[in-house]
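For reference, the chains in residue letters:
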Amino acid sequence: MTREDVTSSASGSRIPESETYERVTVSSVPVSREARVSKTQVVGVDASSLDRLLVATCNLPVADGEVAVVEYTVRALGDIFQECAVGACLVPAPPPASGPSLGPIEQRVFKSLPHGEEHRVGPPDPTRLFPAYAYERVISAGPQGSTLHFASDDPRLDDDDSALMHVAQRAGLVLGHGLALAGMHAKATSDARDLRALNSHMVQAEKLASLGQIAAGVVHELNNPLTSIVAYTDWLLRKAGPQGEPDSVERLRRIGESASRILRFTRDLVAYARPSSEVPVPVAIHNVIDQALAFCEHVLAEHGAKVERAYADAIPPVRGMPEQLAQVFVNLFTNACHAMPDSGGELVVSTRVSADARTIEVTVEDNGHGIPLDHQAQIFTPFFTTKADGRGTGLGLSIVKNIVDGHEGDIHVERRASGGTRFVLAFPVP
Ligand SMILES: Nc1ncnc2c1ncn2[C@@H]1O[C@H](COP(=O)(O)OP(=O)(O)OP(=O)(O)O)[C@@H](O)[C@H]1O
Ligand SMILES: [Mg+2]
């Protein structure tokens, strides 16, 4: 063996031009059994290599993810092939659908150099991790396109039939298998997490459903005493007649009015909560919006919301189920209130007929904290909520979307330039 300086012309196209590398040349030897043995020893592969690879295979840290698998494999192979440079280029598996979006998938490079060796590392190039060596073999590992790299100055690295290449091919399989297992482990872990979250959401939804049933019972119980209050105040007012003491008459009138309001509200609430057996009828959309605003009176007052109705004249009726449509607006108004600033909320509801007269558009705008862009795609998904535990189940907008779809309508969300959120709904003109 002689050491000499070789240039790109001497070592073929794989060495970048104008760079000089020191390499080992080996005079050609006949491929006999003895020669093979001595050749494998040159590149550091011996009879125990496969055993050591097997041990490494059993210890792959698949539970720690793809990066850990690659780092471990490269380190283990570096120990086995002590005379070679070993590297890997990892193309990570895409994250599970429900996981965070990582943006473009990046390749990552891991290297292990022969012990005690120092050399220049060339520019990052996934097809050639070790430009300082004359020979580099790239073995595909993993379905994403990850690769395993072996580099050396020994030209027998080019020999497909060498013991080194046999072990290297198996190492490629081991890495590919490890990456697949790490991907499956990550997916199983994320599925289990999703299932746990879904389960706790279902428990929460069931709690709310039973709360709804209790509320319906309470409303039913309130009905009789309220009816009595309304009837007796009416009787007292009639008894007092025009000669009644004005202050007392005024107080009686207020009692009667308030009791009637509660009575109306409880009856509406029961009608609203009852499972719908509605059939489509022509619906005056302004009446439905007004009814929903009345339902939300309490939550609007709690958030100091100023309500502006910008209704267009001569809106044709929508064909639909009035109770379901009321539910759409109750959910939108409630969400708007929850987002409003303490300094005072604004809610604007506008209606119009589209320019081509084919759809009726309703917009619901608020001056709340708005919806971040990366949440906008998720808000209609069941159980998506940003509200603290117990304040929201994340079902409201998914119900809204279902109802709007059932009316062959469309709903989308926009960011208001002045801050806040705008929901735009469109229903077909029948
Ligand atoms: N007007 C709005 N302004 C700001 N964020 C909103 C608005 N409407 C909806 N959101 C966001 O969308 C999420 C989903 O709304 P959705 O109505 O589906 O569920 P929720 O209000 O959290 O719970 P609930 O099931 O009680 O309605 C909310 O948690 C909130 O982050
Ligand atoms: Mg909601």
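Since this is a predicted model, take the numbers as computed values, not measurements.

Draft legend 1. Structural detail: the site of ligand 1. Not every one of the 20 residues close to ligand 1 is listed here, only the nearest: T385, T386, K387, T393 and L397. Here an oxygen atom of ligand 1 and a side-chain polar atom of T385 are 2.5 Å apart. L395 is positioned with one of its backbone polar atoms (N or O) 2.8 Å from an oxygen atom of ligand 1. Against a free-state accessible area of 600 Å², the protein chains account for coverage of 90% of ligand 1. Secondary structure elements with two or more residues in the shell around ligand 1: α9 (322-339), α11 (396-406) and β13 (421-428). For the shell around ligand 1, the element with the most residues is α9, which contributes 3 residues. Looking at side-chain class alone, the shell around ligand 1 contains 8 nonpolar, 10 polar and 2 charged residues.

Draft legend 2. Up close: the packing of helix α3 (residues 49-58) against helix α5 (residues 163-240). The N-to-C vectors of α3 and α5 enclose an angle of 5°; their axes lie 11 Å apart at closest approach. Taken together, the axes of α3 and α5 are roughly parallel relative to one another. Residues S49, L50, L53 and T57 of α3 lie in contact with α5, whose contacting residues are V167, R170, A171 and V174. Its residues assigned to classes, the contact of α3 with α5 comprises 5 nonpolar, 2 polar and 1 charged.

Draft legend 3. Seen up close, the pairing of strand β3 (residues 85-90). Judged by how many residues are buried, β3 sits mostly within the fold: 6 of 6 residues are covered. The side-chain alternation of β3 yields two buried faces, one formed by A85, G87 and C89 and the other by V86, A88 and L90. Sheet topology note: the β3/strand β6 (residues 147-152) ladder contains 5 bridges and is antiparallel. Opposite G87, over in β6, you have H149 as the bridge partner.

The rules behind these values
Residues numbered from 1 in each chain as written. Chains lettered and ligands numbered in written order. Predicted model: local features only at pLDDT ≥ 70, side-chain atom pairs only at ≥ 80, totals over all residues. Heavy atoms only, no water. Near = heavy atom within 4 Å. Polar contact = N/O pair within 3.5 Å; in protein donor to acceptor, adjacent residues only side chain to side chain. Areas by Shrake-Rupley, 256 points an atom, 1.4 Å probe, with all protein chains shown as cover. Helix = DSSP H or I, 4+ residues; strand = E, 2+ residues; numbered from the N terminus. Nonpolar A, V, L, I, M, F, W, Y, C, P; charged D, E, K, R; others polar. Axes fitted to C-alpha atoms, helices over the stretch in contact; angles between N-to-C directions. Parallel < 35°, antiparallel > 145°, perpendicular 65-115°, else oblique. Contact = heavy atoms within 4.5 Å. Buried < 20%, exposed > 50% of the residue type's maximum accessible area, 1.4 Å probe, protein only. Pairing = 2+ DSSP bridges.

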